[in-house]
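Structure assessment
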Amino acid sequence: MFFENCLINFNFVTPNYLKQHSMQLWNTLNKEELEMHLREVGHKYVTISFYQYAKIANPRLFRDHLFLSWSKLDVVGRTYVAKEGINAQIAVPTENLGQFREELYQIEFLEGIRLNFAVDDSEAEFPFLKLKIKVRDKILADGLNDETFDVTNKGKHLNAEEFNKLTDDPNTILIDFRNHYESEVGHFKGAILPDVDTFRESLPFIEETYLKGNEDKNLVMYCTGGIRCEKASAWFKHRGFNNVHQLEGGIIKYANDCKEKGLDNKFIGKNFVFDERRGERVTEDIISVCHQCGSPADTHTNCKNDACHLLFIQCEICKHEMENCCSNECLEMIHLPEAEQKERRKGLNNSNKIFKKGRSSQLKFKANNEKPLSLIEQSIQK
Ligand SMILES: [Zn+2]
Ligand SMILES: [Zn+2]
């Protein structure tokens, strides 16, 4: 088992060893310093994601091993390690890619793991500013605590070709397993787009709203890189749905495969991603609007007010006029002296959490439940 090897192979990583070699296990620079540092180093990065469910007995030790080995290669990004596995969204310097892959594949449960390469790396100068590897209870917050649920009994994987064929079948229900702010800027034609804020809340909602009574239909699900469907497909099989399918490698692999193999691409718009790029363009279609003025736009931004940070869609004109803020209140706030901003932020931690979901009554053009139903949604509701 890997975790036993883990203790043997990585037991050089003791606090004493770190002290002796003055190795740093965490980053301590601020955003500007990090950007400056990255510019100085001058790497060209390739953005990669991957995940694996595996039993890791000592996630903390494994985390420290990864941190040291990836720091050495100047890898940046965000990775979660848990007893149930690893979920990584990172950027690797092009010249270190070979070395990175070689070292990764030496880890027993990651040997030959599929790496999802970004469809479009052009949206941000640096997709990530530093390396963060966190130990968590789970690599995906799913809210599932059913002991009888077997996560390895998952749905049938579909490649791009099989996906296209099955979604042409009128007896198929295609469901987007991402959150509302992700599907808003890009999704598959004809997909159901559940209006949910989190994966955790999406499972019961989707079952209740779209799946009940459709047990005999083909259920096809997709997400960004496949990890959410890995869990969801097993869950819905557990719940008694028999024809459960998932898009292998998610939108990222699908878009790459369509390009490579010249297949018909049924995805329209942008693929939302959780790094500084916010999204990668798959097609030129802009299917969403600026939440402030209603004109076509599909660029997400975080409100500039540190007490808000609302994630919303803003066009270039509004960005300029509103100075990257979501509301007049936030605009006023950012012009106050920093000390006063700090004072006002006290006790506002809760509102930050509410705002973060990308919903706010201040945004006039944010699509909500009243958006028109897709054809499939209408046929299911009949
Ligand atoms: Zn606008
Ligand atoms: Zn704001």
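Procedures and definitions
Residues numbered from 1 in each chain as written. Chains lettered and ligands numbered in written order. Predicted model: local features only at pLDDT ≥ 70, side-chain atom pairs only at ≥ 80, totals over all residues. Heavy atoms only, no water. Donors = N, O, S within 2.8 Å, 3.2 Å for Na, K, Ca; no water. Helix = DSSP H or I, 4+ residues; strand = E, 2+ residues; numbered from the N terminus. Buried < 20%, exposed > 50% of the residue type's maximum accessible area, 1.4 Å probe, protein only. 1 Å grid on protein atoms, 1.4 Å probe; cavity = no way out; pocket = protein on both sides within 12 Å on 5 of 7 lines; lining within 4 Å. Points joined across faces, edges and corners; volume = space filled by probe spheres on them. Nonpolar A, V, L, I, M, F, W, Y, C, P; charged D, E, K, R; others polar. Axes fitted to C-alpha atoms, helices over the stretch in contact; angles between N-to-C directions. Parallel < 35°, antiparallel > 145°, perpendicular 65-115°, else oblique. Contact = heavy atoms within 4.5 Å. Expected span 1.5 Å × (residues − 1). Pairing = 2+ DSSP bridges. pLDDT = per-residue confidence, 0-100. Salt bridge = Lys/Arg side-chain N within 4 Å of Asp/Glu carboxyl O.

Donor atoms from the polypeptide that bind the zinc ion (ligand 2) are C303 (SG), C308 (SG), C326 (SG) and C330 (SG), placed at 2.3 to 2.4 Å. Going along the chain, you hit the donors of the zinc ion (ligand 2) in the pattern C-x4-C-x17-C-x3-C. Here C330 lies in helix α12 (residues 328-334) and C303 lies in the loop between β13 (300-302) and β14 (311-313), a separation of 27 residues in the sequence. Across this residue pair, the class does not change: C303 and C330 are buried.

By the definition in use, this model includes one cavity of 30 Å³ or more. If you add up the space inside the largest cavity, you get close to 50 Å³. If you go around the largest cavity, the residues you meet are I173, L211, N214, E215, K217, N218, L219, F241, N242, N243 and V244. Residue classes in the lining of the largest cavity are distributed as five nonpolar, four polar and two charged.

Two elements in contact, helix α6 (residues 160-168) and helix α10 (residues 250-261), have axes separated by 9 Å at closest approach and are oriented at 100°. One finds that α6 runs roughly perpendicular with respect to α10. Contacts between α6 and α10 involve A160, F163 and N164 on the former and, on the latter, Y254, D257 and C258.

At this site the zinc ion (ligand 1) is bound by C290 (SG), C293 (SG), C315 (SG) and C318 (SG), with donor distances of 2.3 to 2.4 Å. In primary sequence terms, the donor set of the zinc ion (ligand 1) follows C-x2-C-x21-C-x2-C. Of the two residues, C293 is situated in the loop between β12 (279-281) and β13 and C315 in the loop between β14 and α11 (316-321); the sequence distance between them amounts to 22 residues.

The first and last C-alpha atoms of α10 sit 16 Å apart over twelve residues, in line with the 16 Å expected at 1.5 Å per residue. Among all positions in α10, only G250, I251, I252, Y254, A255, N256, D257 and C258 are buried. Two residues or fewer after α10 comes G262, characterised by a positive phi angle close to 65°.

Now for the sheet that holds β12. Pairing in this open sheet of three strands is antiparallel, and the strands run β8-β11-β12 from one edge to the other. This sheet does not close on itself; its edge strands, each paired only once, are β8 (186-188) and β12. Taken over all neighbouring pairs, the strand axes of this sheet differ in orientation by 40° on average, direction set aside. Strand contacts of α10: β8, β11 (267-272) and β12, with the helix running at about 130° to β11, the strand carrying the most contacts.

The subject of this paragraph is the confidence of the model for the protein. Taken as a whole, the protein shows an average pLDDT of 86; of its residues, 85% reach a score of 70 or greater. In the predicted structure, residues 369-382 sits below a pLDDT of 50 and forms 14 contacts with residues beyond four places in sequence or in another chain.

If charged atoms from side chains of opposite charge come close, those side chains can pair. This model, assessed by the stated rule, comprises 23 salt bridges. When the shortest N-O distance is used, the salt bridge between E103 and K72 registers 3.5 Å. Pair noted here: E103 is in helix α5 (residues 97-105) and K72 is in helix α4 (residues 59-72), with a separation of 31 residues, a long-range link. Under the relative-accessibility criterion, E103 is labelled buried at 19%. With a relative accessible area of 58%, K72 lands in the exposed category. Residues R178 and D176 are paired through a salt bridge, measuring 2.7 Å at the closest nitrogen-oxygen approach. Several salt bridges converge on common partners, so that one network encompasses E84, K138, D142 and K231.

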